[in-house]
Amino acid sequence: MERTPIRHLEEKTGKDVLLKGWIHEIRDQRNIKFILLRDWNGIVQTIAFKDNEKVFDSIAKLPKETCIEIKGKVQKANVKNEEVSEKSVEVLIDEYKVLAQSDTELPIQIVKGKDEADLSTRLDWRCVDLRKPKNRAVFKIQATLIEGMTNWLNKHGFIQVFTPGIIGVASESGSEMFTVEYFNRKAFLRQDPQLHRQLTIAGGIEKLYDIGPSWRAEQSHTVKHLCEHRTCAVEFAFIKDEIEVMRVEEQVVMAALKRVNEKCKHELEVLGIELNIPEVPFPELRFPEVYDILEKHGKNIRGEDLDSEAERIIWEYVKEHYNSEFYFINRFPSKIKPFYVMKVDEDPEHARSIDLYWRGLEMSSGGQREHRYQKIIQQVDEQGMTRESVEWFSKFFKYGVPPHGGFAIGIERLTQALLRLGNIREAALFPRDTDRLKP
């Protein structure tokens, strides 16, 4: 007999089935016992009556989180337990077999309503923590976000590429990069697949995306920073300006959210999330007007990058004036941006650099890149960098690189914002931060 996933039990009503999963909870009544069986699709109530002596007498000895298989018959039911996902059916146990028995004392609780461990303890026991239905829901939704993004990109002619995670030159901010030993010489873990995406454009691949990890050696102890994170990074050629980048990014985000709404209704319900699809185009705020808004609210950071307080003020402003949860901030001061960002020719104090925000949380950075060789070299000089340090990258721009741009959406950040998670570590399967390297 083939295994039946719990989510397919309703269509098997009246038939014998084979189930495999974990014992979520056991409930013992005088003449009847219940096993709530959990697999990665849901939880179902299974029952044993006293007349089935072999099953009935042994069930109470089974520790929670034991892996078992159950053979039984599906029957209609009206289950009231809120943790059970398949409420219209239950399974009458004929026999069961233990596949792997759990210890009787669990390091953290799985059942809803039991004492919840703090996040640090949960992450110490992450493999057990992931068994909670709400945590599985987080990662099903995260996978579906990526599915929605890649579906749209594939449909619109983008191809997936894989850029290197190890690079030979710390061409951006070396103090925030992890060094690794690479055959007796120093190498670095990338901060962003940015420069290699641009080189791929230079190679004639006009529309691409890259999904993978990046690393930042920042001493950031906040609820929105990780030392290792993943992005969906998109780049495309022959653009007019950064506005085209914004229009593509909107569609990628919309496709991701729509796919979640279509495919993850149960998971959204488990997490108590009502997902509203936003309208496009998203509002756009530009510098230096952003500084004007901040100053009207008592925040003067003219010429500097946005800090957390500034981001909060801008989010309150957008809510009041645009009634939108998503918005772009454009034309950042060029002096705070890397050498590869294109300046506005008629206003070189500002760059064609865009960040996407969702409810005050930065989702991505992007914009138009500088594709003209002489301009790149000029900006390298202006930032006090040596030409030799970027020659591995810049030399290819001597040979006709088209206008191009792109963005990199943080996958954990997008998940955190969508699900209103209090800490980004809840959106990372095995998070890596300044203190955590295990499990």
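Scroll up to find the structure this text is about.
Residues numbered from 1 in each chain as written. Predicted model: local features only at pLDDT ≥ 70, side-chain atom pairs only at ≥ 80, totals over all residues. Heavy atoms only, no water.

1. A word on the pattern of salt bridges
Phase 1: Counted under the stated rule, the structure contains 43 salt bridges.
Phase 2: Asp39 is the salt-bridge partner of Arg3, the closest N and O atoms lying 4.0 Å from each other. Taken together, the residues span a long stretch of sequence, with Arg3 in the segment before β1 (16-28) and Asp39 in strand β2 (residues 32-39) at a distance of 36 residues.
Phase 3: Of the residues examined, Asp39 reaches a relative accessible area of 2% and is grouped as buried.
Phase 4: We note a salt bridge from Arg259 to Glu147, for which the minimum N-O separation is 2.7 Å. One end of the pair, Arg259, is in helix α6 (residues 242-263); the other, Glu147, is in helix α4 (residues 133-155), with 112 residues separating them in the sequence.
Phase 5: You can call Arg259 partly exposed: its relative accessible area is 26%. (Salt bridge = Lys/Arg side-chain N within 4 Å of Asp/Glu carboxyl O. Helix = DSSP H or I, 4+ residues; strand = E, 2+ residues; numbered from the N terminus. Buried < 20%, exposed > 50% of the residue type's maximum accessible area, 1.4 Å probe, protein only.)

2. Digging into the sheet that holds strand β12 (residues 284-286)
Phase 1: The strand order across the open sheet formed by 8 strands is β6-β10-β11-β18-β17-β16-β13-β12, and the pairing between neighbours is mixed. Every interior strand has two partners, whereas the edge strands, β6 (159-160) and β12, have only one.
Phase 2: Two strands pair when backbone bridges link them, and strand β17 (residues 361-368) and strand β18 (residues 404-410) are joined in this way by 5 bridges, in the antiparallel orientation. Looking at the pairing, Ser365 lines up with Ala408 of β18.
Phase 3: On top of the sheet, α4 reaches β10 (207-215), β11 (228-237) and β18; it is set at about 150 degrees to β10, its chief contact. (Pairing = 2+ DSSP bridges. Contact = heavy atoms within 4.5 Å. Axes fitted to C-alpha atoms, helices over the stretch in contact; angles between N-to-C directions.)

3. So, α4
Phase 1: For α4, spanning 23 residues, the distance from its first C-alpha to its last is 32 Å, which sits close to the expected 33 Å at 1.5 Å a residue.
Phase 2: Downstream of α4 by one or two residues, Gly157 has phi in the positive range, about 90 degrees. (Expected span 1.5 Å × (residues − 1).)

4. Focus on a nonpolar patch on the surface
Phase 1: Where nonpolar side chains cluster on the molecular surface, the patch consists of Ile166, Tyr182 and Phe183 and spans about 330 Å² of accessible area.
Phase 2: Along the chain, Tyr182 falls in strand β8 (residues 179-182). (Patch = residues over 30% accessible without salt bridge, like charges linked within 9 Å, V, L, I, M, F, W, Y side chains within 5 Å. Areas by Shrake-Rupley, 256 points an atom, 1.4 Å probe, with all protein chains shown as cover.)

5. Regarding the side chain of Thr46
Phase 1: Secondary-structure assignment places Thr46 in strand β3 (residues 42-49).
Phase 2: Classification of Thr46 as buried rests on a relative accessible area of 0%.
Phase 3: Thr46 has contacts with Leu19, Lys33, Phe34, Ile35, Leu37, Ile70, Val91 and Ile93, leaving out every residue within four places of it along the chain.

6. Focus: unusual backbone geometry
Phase 1: Looking along the chain, the bond that leaves Phe287 and enters Pro288 is cis, with omega of 5 degrees.
Phase 2: Mapped onto the fold, Pro288 is located in the loop between β12 and α8 (289-296).
Phase 3: Cis geometry marks the peptide bond from Lys438 to Pro439; its omega dihedral reads -10 degrees.
Phase 4: Examined against the element boundaries, Pro439 turns out to sit in the segment after α12 (411-419).
Phase 5: Within the chain, Glu65 stands out as a residue other than glycine whose phi angle is a positive 75 degrees.
Phase 6: Within the element layout of this structure, Glu65 appears in the loop between α1 (53-59) and β4 (67-76).

7. Some details on the pairing of β3
Phase 1: Here β3 lies mainly inside the structure; 7 of its 8 residues are buried.
Phase 2: Connecting β2 to the antiparallel partner β3 that follows it, the hairpin turn spans 2 residues.
Phase 3: Two strands pair when backbone bridges link them, and β3 and strand β5 (residues 89-100) are joined in this way by 2 bridges, in the parallel orientation. Bridged to Ile47 within β5 is Leu92.

8. Focus on the packing of aromatic side chains
Phase 1: Applying the stated rule across the entire model yields 14 aromatic pairs.
Phase 2: The interplanar angle of 80 degrees and the centroid separation of 5.8 Å between the aromatic rings of Phe158 and Phe236 together place this pair among those described as edge-to-face. With Phe158 in the loop between α4 and β6 and Phe236 in strand β11, this pair connects stretches of sequence that are 78 residues apart. We note that Phe158, like Phe236, is buried.
Phase 3: Relative to Phe328, the ring of Phe282 lies with its centre 5.9 Å away and its plane at 35 degrees, an arrangement referred to as tilted. Within this pair, whereas Phe282 is found in the loop between α7 (265-271) and β12, its partner Phe328 is found in strand β13 (residues 326-330), the two being separated by 46 residues in sequence.
Phase 4: Residue class for Phe282 comes out buried when judged on its relative accessible area of 3%.
Phase 5: Against the face of Phe56 rests Lys33, its NZ or CZ located 4.4 Å from the ring centre. (Phe/Tyr/Trp six-rings, centres within 6.5 Å; stacked < 30°, edge-to-face > 60°. Lys NZ or Arg CZ within 6 Å of the ring centre and 35° of its normal.)

9. Regarding the packing of α4 against α12
Two quantities define a packed helix pair, namely the angle between the axes and the distance from one axis to the other.
Phase 1: The N-to-C vectors of α4 and α12 enclose an angle of 120 degrees; their axes lie 10 Å apart at closest approach. Between α4 and α12 the crossing geometry is right-handed. Contacts from Val138, Ile141, Gln142, Leu145, Ile146 and Met149 of α4 reach α12 at Ile411, Glu412, Leu414, Thr415, Leu418 and Leu419.
Phase 2: Broken down by class, the residue content of the contact of α4 with α12 amounts to 9 nonpolar, 2 polar and 1 charged. (Left-handed = near helix turned anticlockwise from the far one by under 90°. Nonpolar A, V, L, I, M, F, W, Y, C, P; charged D, E, K, R; others polar.)

10. Looking at the sheet that holds β1
Phase 1: Strand order in the closed barrel made by the 5 strands is β1-β2-β3-β5-β4, with mixed pairing throughout. Sheet twist, expressed as the mean angle between neighbouring strand axes with direction ignored, is 55 degrees.
Phase 2: On top of the sheet, α4 reaches β1, β2 and β3; it is set at about 25 degrees to β2, its chief contact.

11. Overview of the pairing of β1
Phase 1: Direction of pairing for β1 relative to β4: antiparallel, over a ladder of 7 bridges. Across the sheet, Trp22 pairs through a bridge with Cys67, a residue of β4.
Phase 2: Pairing analysis gives 6 bridges linking β1 to β2, with the strands arranged antiparallel. Across the sheet, residue Asp28 finds its bridge partner in β2, namely Lys33.
Phase 3: Between β1 and β2, which pair antiparallel and follow one another directly, the connecting turn spans 3 residues.

Nothing here speaks to function; it is geometry throughout.
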